[in-house]
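The primary structure of each chain is shown beneath.
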Amino acid sequence: MFIPAYALQSSILDPNVQVTFDYPSVIRQGDKFVLSAVMKSTADNVSNITLTISSPELYTSSNTFKLAKLAKDSTFGNDFKLNVRNDTPDGEFVVNSQVTYFIKGMFDANPVKNEFTQAFHLNAQSKPIVGLDTQAPDNVFSGEPFSIKGTIKNQGSTAQNIQLKVYSSDINLEGKKSFSLSALDSGNNADFEFVVNTSKDLDIPTHAIIHINGTYFDDLNKSYSIENSINIFARHRGMLEIGDASGLWIGTFFIAPVVGVGTIVSSAIGFFIFLWHYKKNKKIKKNKKIKL
């Protein structure tokens, strides 16, 4: 199977020629993939360019590309179709790239040969490596829905049949508590969301741990587990409270958007009193001017 998706990039360059490589972020033992190379000339009279790719972990029918001439500021691309050896260990390995070319300077009788090399890394993985990044509000109201959002990241081979569930041993959760994904390719991410609420009859304010557990499979149907957890504080909403319980941290200060109805009423009354005084003072000033 060829993997033409490019996720990572590396460049090699000298004063006259530069080469940019695009390649998958993750490859798997026994697979075929494409390494894309784009060459650019930054000088005049560059000719006989040869690009060679080599690594003991890779094999190919052709690891060399040759170009007779490349005009200044022009580019030319080539795809290397490479095979990953079956005995390549998991993890990163080195790929060496070498560029040779000839360039004729203003005072050169004949073109001069130049050569430069650079190594970059590929990542081989024989199994899926799935991780979770999860976010949720720190504070919630009992009986009211809130979201647990996150991202599934796969840094290994393709993961199949990903199943996630959310639960807590400290409080009861209701709502959407499961998520499934048929497959997640190497190096890709996927977003998930649970919308849940605690029980309405929560007795006392409670600090609770919410667990996100799951399973996934590789291409050989071998199962793997995954888990994460978050902390929340659940309490009853006050009778005169409106707004969101999550609040906002600014530095070391917590600003809660929850506002008491009494505060709103008091603010409104204060505004009308201010407006009444303003109009009254304005009327007094106007009467004084008339008398003068």
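What you see is a predicted model, and the numbers here were worked out from it, not measured in a lab.

Student: An account of the overall build of the protein is needed here, citing residue identities and associated values.
Tutor: For the protein, the helix and strand inventory stands at one helix and 22 strands. Buried residues in the protein amount to 37% of all 292 residues. At a minimum sequence separation of 6, the contacts of the protein that also span at least 24 residues come to 63%. A total accessible area of about 17,600 Å² is found for the protein, and carbon and sulfur atoms account for 54% of it.

Student: Which residues make up the sheet that holds strand S17 (residues 206-217), and what values go with them?
Tutor: Read from one edge of the open sheet, five strands run S11-S18-S17-S13-S15, paired in mixed fashion. The sheet terminates laterally at strand S11 (139-141) and strand S15 (178-184), the two strands that pair on one side only. Put simply, the sheet's adjacent strands are angled 30° from each other on average, direction ignored. Here strand S13 (residues 159-167) pairs with S15 via six bridges, running antiparallel.

Student: Provide a residue-level description of the nonpolar core, including the pertinent values.
Tutor: Membership of the largest hydrophobic core comes to 31 residues, with the highest contact counts inside it found for Val 19, Phe 21, Leu 35, Leu 51, Val 99 and Leu 122. The element contributing the most residues to this core is strand S8 (residues 91-103), with five residues. Every residue in contact with Leu 35, bar those within four places of it in the chain, is listed here: Phe 21, Asp 22, Tyr 23, Ile 53, Asn 78, Asp 79, Phe 80, Leu 82 and Phe 120. Within the second largest apolar cluster, 28 residues are counted, among which are Val 130, Leu 132, Leu 173 and Leu 202.

Student: Outline the environment of Gln 98, supporting the account with residue identities and numerical values.
Tutor: Residue placement: Gln 98 occurs in strand S8. Relative accessible area serves as the criterion here: at 29%, Gln 98 is assigned to the partly exposed category. Along the backbone, Gln 98 and Ala 119 are 21 residues apart, and their C-alpha atoms lie at a distance of 8.7 Å. Filtering out sequence-adjacent residues up to four positions away, Gln 98 remains in contact with Thr 50, Leu 51, Thr 52, Glu 115, Phe 116 and Thr 117.

Student: Tell me what's going on with the pairing of strand S3 (residues 32-41), and back it up with residues and numbers.
Tutor: Taking burial as the measure, the ten residues of S3 include seven buried ones, the bulk of the element. As judged from the nine bridges shared by S3 and strand S7 (residues 75-84), these two strands associate in the antiparallel manner. The residue bridging Val 34 from the neighbouring strand is Lys 81, located in S7.

Student: Before we move on, could you go through the side chain of Ser 36 and cite the residues and values that matter?
Tutor: Within the fold, Ser 36 resides in strand S3. Looking at Ser 36, the relative accessible area reads 10%, which means it is buried. In this structure the side chain of Ser 36 is engaged in a polar contact, spanning 3.4 Å, whose partner is the side chain of Asp 79. For Ser 36, the residues in contact, after removing those within four places along its chain, are Tyr 6, Thr 20, Phe 21, Asp 22, Asn 78 and Asp 79.

Student: Can you lay out the packing of aromatic side chains for me, pointing to particular residues and giving the numbers?
Tutor: All chains considered together, the criterion is met by seven aromatic pairs. Pairing Phe 65 with Phe 76 gives two aromatic rings, centres 5.9 Å apart and planes at 15°, and the pair type is stacked. Of the two residues, Phe 65 sits in strand S6 (residues 64-70) while Phe 76 sits in strand S7, which places them eleven residues apart along the sequence. Owing to a relative accessible area of 38%, Phe 76 belongs among the partly exposed residues under this scheme. Each ring, one from Tyr 101 and one from Phe 116, has its centre 6.4 Å from the other, and the planes form 75°; the classification is edge-to-face. Highlighted residues: Tyr 101 in strand S8 and Phe 116 in strand S9 (residues 112-124), separated in sequence by 15 residues. Per residue, the accessibility class of Tyr 101 equals that of Phe 116, and both read buried.

Reading guide: rules and limits
Residues numbered from 1 in each chain as written. Predicted model: local features only at pLDDT ≥ 70, side-chain atom pairs only at ≥ 80, totals over all residues. Heavy atoms only, no water. Helix = DSSP H or I, 4+ residues; strand = E, 2+ residues; numbered from the N terminus. Buried < 20%, exposed > 50% of the residue type's maximum accessible area, 1.4 Å probe, protein only. Contact = heavy atoms within 4.5 Å. Areas by Shrake-Rupley, 256 points an atom, 1.4 Å probe, with all protein chains shown as cover. Pairing = 2+ DSSP bridges. Axes fitted to C-alpha atoms, helices over the stretch in contact; angles between N-to-C directions. Core = buried A, V, L, I, M, F, W, Y, C linked by side-chain atoms within 4.5 Å. Polar contact = N/O pair within 3.5 Å; in protein donor to acceptor, adjacent residues only side chain to side chain. Phe/Tyr/Trp six-rings, centres within 6.5 Å; stacked < 30°, edge-to-face > 60°.

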